[in-house]
Amino acid sequence: MKKQSIWIAALLFLLAVGIYGCAKTEEGDPGNTGDAGSSTFFNTEAEILQAADPTQESTEEEEENFWAVVDGKTRSSLTGEWIPVEMAKKRPLAIMLNNTAAALPMSGVSNAGVIYECAVEGRITRWMGLFQDWEDLDRIGSVRSCRQYYLHFAQEFDAIYCHFGQAIYALDDLNSGKYDVLSGGTAGIKSPATAMYDRINRPGKASEHTLYAFPSRIPQDIEKKGYRTERKEEFPRKFRFAPDGQVVTYEGYPDATFLQPGGTGGKNGFGGVKATFQYNEGDHLYYRSTYGNPHMDELTGKQVSVKNVIFQYCEGNVLDAKDYLSFATQRVGGKCTVFTEGKMVEGSWSNPGELGTPARYYDTEGNEIMLNTGTTFICIIWEDYANDVVIQ
């Protein structure tokens, strides 16, 4: 009855503005003016309901529908995809990944549901993958060291954080017991994980690029630490996904099919690794290249591709003469740009509250931006270098 009332309100709203029956125009229809941000484009049921209530975010009913169980499966909090219930219940692993040219290709990264990339000292970048589907992988890596802001980003997913090595600025947090971490046995770590990390033979690679996490051994370290293995039921989802079986097309929004989060150079980090994303209209995915080459997963032999890309602009600071960096992971009203289906939605991000409160993404009208089902890649853009970003 409640849902019926909402629908009646929505239909009355559409009639009131004279657009009922022609809200969604087909591609090539001369009635489609392409007016960015026009309220005449409604591509999903959720968008129509939002039109009736512009401030609407995820409702209790929407949450119940999202977590519905069908044939032993429910939707992933990371991707919105249908996965086994037991997998969906598990806390994700947040694993630091080595993105230097000498260390590539990565292994296992295609199984990440969310990927973070941010600048580090030397003005290159490092990745952090969030994994729910990791148990059947041979290895993940190569694994790299912690920077404090990555540890803080990981808290937005109730994740267990995994790394080998760390900047001195992260040591207090890593040893505090406040966070669930699986730290490699390096100087300064009081209680290392002793089973999951090991090296493999990589001819021509320096030793620092041969260290991996081995999924078959990870449960030993989790059990030894006594960490909780299931997500907190009350822990909020970070993303709002399109309703099951639907695609949010953002018809009328600007096209954006080639993305350079750091342009072609400079001191922003992304330019140093020549990071690009190219949208493919055939499969509706964004393909990542690094250092001018396709960014490959060594285990699959395929290029890394994602469904959504987010540019999240953050305040950054240089901590010392060695160029160690710090980024603010909490904010109200920071700039963001979301890319999906070859379109661009500009807006803001906010995560007021305690550390670990998931950042949410809003359009310019204050509506929570809806993502499409699949992997999301989040580029943390140093706002001092916002002008380096190239979007075409």
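Below you will find a few notes about this structure.

The rules behind the values
Residues numbered from 1 in each chain as written. Predicted model: local features only at pLDDT ≥ 70, side-chain atom pairs only at ≥ 80, totals over all residues. Heavy atoms only, no water. Pairing = 2+ DSSP bridges. Helix = DSSP H or I, 4+ residues; strand = E, 2+ residues; numbered from the N terminus. Salt bridge = Lys/Arg side-chain N within 4 Å of Asp/Glu carboxyl O. Buried < 20%, exposed > 50% of the residue type's maximum accessible area, 1.4 Å probe, protein only. Phe/Tyr/Trp six-rings, centres within 6.5 Å; stacked < 30°, edge-to-face > 60°. Lys NZ or Arg CZ within 6 Å of the ring centre and 35° of its normal. Axes fitted to C-alpha atoms, helices over the stretch in contact; angles between N-to-C directions. Contact = heavy atoms within 4.5 Å.

**Comments concerning the sheet that holds strand β9 (residues 197-199)**
- One open sheet accounts for three strands, arranged β6-β10-β9; its pairing is antiparallel. Each of the sheet's edge strands pairs with one partner strand only, and the pair in question is β6 (140-141) and β9.

**Observations concerning the pattern of salt bridges**
- Enumeration over the complete set of coordinates arrives at 18 salt bridges.
- Between R288 and E117 there is a salt bridge; the shortest N-O distance is 2.6 Å. Of this pair, R288 sits in strand β14 (residues 285-290) while E117 is found in strand β4 (residues 114-120), placing the two residues 171 residues apart along the sequence. By the burial criterion, R288 is buried, and E117 matches it.
- Linking R228 and D158 is a salt bridge whose minimum nitrogen-to-oxygen distance equals 2.9 Å. Pair noted here: R228 is in the loop between α7 (218-225) and β11 (240-241) and D158 is in the loop between α5 (148-154) and β7 (160-163), with a separation of 70 residues, a long-range link.
- Linked by salt bridges that have partners in common, R91, D158, D180 and R228 make up one network.

**Concerning the packing of aromatic side chains**
- One pass over the full model with this rule turns up 17 aromatic pairs.
- Considering the side-chain rings of Y116 and F157, the 6.0 Å spacing of their centres and the 85 degrees angle between planes classify their relative orientation as edge-to-face. Taken as a pair, Y116 in strand β4 and F157 in the loop between α5 and β7 lie far apart in primary sequence, 41 residues in all. The same class applies to Y116 as to F157, namely buried.
- Centroid distance F311 to F339: 4.9 Å. Interplanar angle 70 degrees. Geometry classified as edge-to-face. Placement of the pair is F311 in strand β19 (residues 308-314) and F339 in strand β22 (residues 332-340), with a sequence separation of 28 residues. The two residues F311 and F339 agree in class, both being buried.
- Taken together, the ring pairs in this structure connect F66, W67, Y116, F153, F157, F239 and F241 into an aromatic cluster.
- Above the ring of F214, the side-chain terminus of R217 is found at 4.8 Å from the ring centroid.

**A look at the sheet that holds strand β8 (residues 181-183)**
- A sheet is described by the order of its strands in space; here 10 strands give the open sequence β8-β7-β3-β5-β4-β26-β19-β22-β23-β24, paired in mixed fashion. Sheet topology places β8 and β24 (360-363) at the edges, where each strand pairs with a single neighbour. Within this sheet the neighbouring strands show an average axis-to-axis angle of 25 degrees, counted without direction.
- Examined bridge by bridge, β4 and strand β26 (residues 376-382) share four bridges and lie parallel to one another. Bridge pairing links I115 to F377 in β26.
- Packed onto the sheet, α7 meets β3 (93-97), β7 and β8 and runs at close to 120 degrees relative to β8.

Note that every value here comes from positions in space, so none of it alone points to a role or purpose.
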